[in-house]
Amino acid sequence: ARDPAKVATQPSGTVVKCPGEDVTFTMDATGTPPLSYQWMKDGVALSGKTDTSLTVRSLSATDSGDYYCIVTNDFGVDTTSMATLTMNLVKADITVKDTALCLRGNSFQFISSSTNNLGKFQSILWDLGDKTTANTDTVTHSYNQFDKFQVNLLVTSLHNCVDSIIKEIYVW
């Protein structure tokens, strides 16, 4: 038989991942052997990626893109549909207002100035360093003792990508 290479199973369409995670795209093809495979990203061949599956480990922002596979044999060529990888980039950040008023009993305003390239956060969790917690974008808080406090902000995206930051506050 002289059956041309033909994609039988497409890789998954759109995938959202967090930095540090892994992703695997798989495909399958039919046709008269031998079949050859070449994975592509944004139109560029990925060196050494010549199997029916492609795994990218420990993802980073630069891994976002359109992935597909070209399958060939002596009788033809076929190409899978695009599998789009979108990276969800989350960065926790704290803005502190009224830092000049670091006196015991005065109010501090803590603002989450965190960023998420895919929109909203699923959760925002503050630990204000004195056993006080909160879960809103902005928190107003006063400390009742002289000390150094570690304010911790943990943000989680709708895709469960997480980042945190600690900022030290001095109260006198």
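Residues numbered from 1 in each chain as written. Predicted model: local features only at pLDDT ≥ 70, side-chain atom pairs only at ≥ 80, totals over all residues. Heavy atoms only, no water.

Draft legend 1. The state of the cysteines, seen in detail. Applying the stated criterion across every chain, the model contains one disulfide. The disulfide that involves Cys 18 links it to Cys 161, with 1.8 Å between the sulfurs. Residues Cys 18 and Cys 161 are joined through a disulfide that is left-handed, its torsion about the S-S bond being -90°. Here Cys 18 is found in the loop between strand 2 (14-17) and strand 3 (23-26), whereas its partner Cys 161 is found in the loop between strand 18 (147-157) and strand 19 (162-171), with 143 residues between them in sequence. In this structure, Cys 18 and Cys 161 share a single accessibility class: buried. (Disulfide = S-S within 2.5 Å. Helix = DSSP H or I, 4+ residues; strand = E, 2+ residues; numbered from the N terminus. Buried < 20%, exposed > 50% of the residue type's maximum accessible area, 1.4 Å probe, protein only.)

Draft legend 2. Geometry of the nonpolar core. Judged by nonpolar contacts, the single largest core of 20 residues is most densely connected at Phe 110, Trp 126, Tyr 143, Val 151 and Ile 169. Elements that contribute at least two residues to this core include exactly strand 12 (94-97), strand 13 (107-112), strand 15 (121-127), strand 18 and strand 19. Looking at this core element by element, the count peaks at four residues for strand 18. Discounting residues that sit within four places of it in the chain, Tyr 143 has contacts with Arg 104, Gly 105, Asn 106, Phe 108, Phe 110, Leu 128, Asp 130, Phe 149, Val 151, Ile 169 and Val 171. Within the second largest apolar cluster, 18 residues are counted, among which are Ala 5, Met 27, Trp 39 and Val 56. (Core = buried A, V, L, I, M, F, W, Y, C linked by side-chain atoms within 4.5 Å. Contact = heavy atoms within 4.5 Å.)

Draft legend 3. How the structure looks around the side chain of Thr 80. Its place among the elements puts Thr 80 in the loop between strand 9 (76-79) and strand 10 (83-87). According to the relative accessible area criterion, Thr 80 is buried, its value standing at 6%. A distance of 2.9 Å separates a polar side-chain atom of Thr 80 from the backbone nitrogen of Cys 69. Setting aside anything within four residues of it in sequence, one finds Thr 80 in contact with Val 7, Gln 10, Pro 11, Met 27, Tyr 68 and Cys 69. (Polar contact = N/O pair within 3.5 Å; in protein donor to acceptor, adjacent residues only side chain to side chain.)

Draft legend 4. Structural view of the packing of aromatic side chains. Under the criterion given, the structure shown has five aromatic pairs. Relative to Phe 110, the ring of Phe 108 has its centre 6.0 Å away and its plane inclined at 5°; by these criteria the two rings are stacked. Of the two residues examined, Phe 108 and Phe 110, each falls in the buried class. Note on Phe 110 and Trp 126: the rings are 6.1 Å apart at their centroids and 40° apart in plane angle, and the pair reads as tilted. Of this pair, Phe 110 sits in strand 13 while Trp 126 is found in strand 15, placing the two residues 16 residues apart along the sequence. Judged by relative accessible area, which is 0%, Phe 110 ranks as buried. (Phe/Tyr/Trp six-rings, centres within 6.5 Å; stacked < 30°, edge-to-face > 60°.)

Draft legend 5. A look at the pairing of strand 8 (residues 65-73). For strand 5 (residues 36-41) and strand 8, the ladder comprises six bridges, and the chain directions are antiparallel. Counterpart to Ser 36 in the pairing with strand 8 is Thr 72. Examined bridge by bridge, strand 8 and strand 10 share three bridges and lie antiparallel to one another. Looking at the pairing, Gly 65 lines up with Leu 85 of strand 10. Pairing analysis gives four bridges linking strand 8 to strand 9, with the strands arranged antiparallel. Along strand 9, the bridge assignment pairs Asn 73 with Gly 76. Here strand 8 folds back onto strand 9, and the loop between the two strands holds two residues. (Pairing = 2+ DSSP bridges.)

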